[in-house]
Amino acid sequence: MRAALFFIFFILLWSNITYSRNVTQIYVNDLKWPPFFFPTLEGDYTGFGRDVINTCLAKMNYEAQLIPLPLKRIQLYMESGDIDVTTFSYKLEREKFLHYGNEPLFITQYGFASKKSDGIDIQSLDDIKKYTLGHLAGLAHTPEILKIIENKKQTNEVSIGYDIDSMYGQMLTKAQRFQVMINSKETLIWRAKQLNVLEQIKVHDYVVKEKPYFVTVSKKSKHIQDGRKFLDKIDKCIIELKESGKYQELAASYGLYQLSH
């Protein structure tokens, strides 16, 4: 009996050792960007982007160790290699320190929200120039929006926030800190629903730009030896998920209907 128990224990121990050898841990930022990414300590959701990435990592025998980081610090950690993988929109200057995947993880519509009772109508970028803007620190903007923000900073017409929840509060209060908030429309709608303020806001039809986001690998990654080869596998996995319908199923579960059709 003892010999049999010892044999079972040995097999289980060997299986765990083999598993740990086969699965490589990589460091990924734990980001709050609903509905694409949710922090591990907030609610039951993981996020559409996280679900797709985790599905692909599991197929590749990788496991994500999530590192909580504010949005504005992610680029610094990718430059240093302190995190291995994150999701970015494309910017030429970022190629200095990271590898980009080729297949979009998802595509967002970049636009505006305002307080419904303010009666604001936005049909072009010129329409936002008369209002104080809410800017989420670390959020990448188009060059046109960035220029407007920089000009408005000179006249104190930009309110900088660090969390979308608090920014909704600042926009909807009687003593408003700003009138127009900028973000992906998917994020604006999702979080408004979660905060039960959707009826109080207007997410404008006007789309500044559709922005594709890609999985990226730090060129100084300490845990991924060949970033380009790693991303080729990620690209292949995302394509397969789209072809199988699993990608669309995950998108629909987060209300991302433009991605699920």
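Along each chain, residue indices are assigned from 1 in the same order as the chain's sequence is written. Totals for whole chains, interfaces and linings use all residues, but because this is a predicted model, local features are given only for residues with pLDDT of at least 70 and pairs of side-chain atoms are given and counted only at 80 or more. With hydrogens and water stripped out, all remaining heavy atoms of the structure feed into the side-chain values.

(A) Spotlight on helix H4 (residues 143-153). Using a 1.4 Å probe on the protein chains alone, a residue whose accessible area is under 20% of its type maximum counts as buried, one over 50% counts as exposed, and one in between counts as partly exposed. Runs of E in the DSSP output that reach at least two residues are strands. Runs of H or I that reach at least four are helices, and both are numbered from the N terminus. Buried within H4 are the following residues: Ile145, Ile148, Ile149 and Lys152. Considered in projection along H4, the buried side chains sweep an arc of 100° and stay on one side of the axis. Turned more than 90 degrees off the buried face of H4, the exposed positions are Pro143 and Lys147. Here the buried face of H4 lies against strand S5 (106-115), strand S6 (133-136), strand S7 (158-161) and strand S8 (180-184). As used here, the arc is the angular range of directions from the helix axis to the C-beta atoms. Contacts are residue-level and defined by heavy atoms, with any inter-residue pair within 4.5 Å sufficient.

(B) Region of the structure containing the environment of Glu95. Position of Glu95 among the secondary structure elements: in the loop between strand S3 (85-89) and strand S4 (98-100). Residue classification places Glu95 among the partly exposed positions, given a relative accessible area of 35%. When the C-alpha positions of Glu95 and Lys219 are compared, they lie 9.0 Å apart, and in sequence the two are 124 residues distant. If we skip the residues at most four places from it in the chain, Glu95 touches Tyr90, Tyr100 and Lys219. Throughout this description, a polar contact denotes any pair of N or O atoms lying within 3.5 Å of each other; where both atoms belong to protein, one of them has to be capable of donating a hydrogen while the other can accept it, and for residues adjacent in sequence the pair is counted only when both atoms sit in side chains. A polar atom in the side chain of Glu95 sits 3.1 Å from the side chain of Tyr90.

(C) The arrangement of the packing of aromatic side chains in detail. Note on ring pairs: Phe, Tyr and Trp rings are taken, using the six-membered ring of Trp, and paired if centres are within 6.5 Å. Classes follow the plane angle, with under 30 degrees stacked, over 60 edge-to-face and the rest tilted. The tally for this structure, following the rule as stated, stands at 17 aromatic pairs. Centroid distance Trp33 to Tyr213: 4.8 Å. Interplanar angle 65°. Geometry classified as edge-to-face. Remark: Tyr213 occurs in strand S10 (residues 209-218) and Trp33 occurs in the loop between strand S1 (24-30) and helix H2 (48-59); sequence separation between them is 180 residues. Taking relative accessible area as the criterion, Trp33 reaches 12% and is therefore assigned buried. Taken together, Trp33, Phe36, Phe37, Phe106 and Tyr213 form an aromatic cluster joined through their ring pairs. Here Lys211 stacks its cationic end above the ring of Tyr110, 5.2 Å away from the centre of that ring. Charges are assigned to positions over rings by a cutoff of 6 Å between ring centre and Lys NZ or Arg CZ, combined with an angular limit of 35 degrees from the ring normal.

(D) Inspection of the pattern of salt bridges at higher detail. We count a salt bridge whenever a side-chain nitrogen from Lys or Arg sits within 4 Å of a carboxyl oxygen from Asp or Glu. Considering all chains together, one arrives at 12 salt bridges under this definition. For Lys32, the salt bridge is made with Asp163, and the minimal N-O distance between the two is 3.0 Å. Here Asp163 lies in the loop between S7 and helix H5 (164-172) and Lys32 lies in the loop between S1 and H2, a separation of 131 residues in the sequence. A salt bridge links Glu103 to Lys242; the shortest N-O distance between them is 2.8 Å. A residue pair is termed long-range when its members are at least 10 positions apart, and Glu103 in the loop between S4 and S5 and Lys242 in helix H7 (residues 227-244) qualify at 139 residues.

(E) Quick look at the side chain of Asn29. Here Asn29 shows up in strand S1. Residue Asn29 is classed as buried on the basis of its relative accessible area, which comes to 2%. In this structure the side chain of Asn29 is engaged in a polar contact, spanning 2.5 Å, whose partner is the side chain of Thr86. Setting aside residues no more than four positions away along its own chain, Asn29 makes contact with Arg50, Leu66, Ile67, Leu69, Ile74, Ile83, Val85 and Thr86.

(F) Representation of the pairing of S5 within the structure. Of all 10 residues that make up S5, 8 are buried, and the element is covered over most of its length. Only strands that DSSP links by at least two bridges are regarded as paired with each other. In this structure, S5 lies alongside S8, joined through 5 bridges in antiparallel fashion. Bridged to Ala113 within S8 is Met181. Sheet analysis places S5 next to strand S9 (residues 201-203), joined by 3 bridges and oriented antiparallel. Across the sheet, Ser114 pairs through a bridge with Lys202, a residue of S9.

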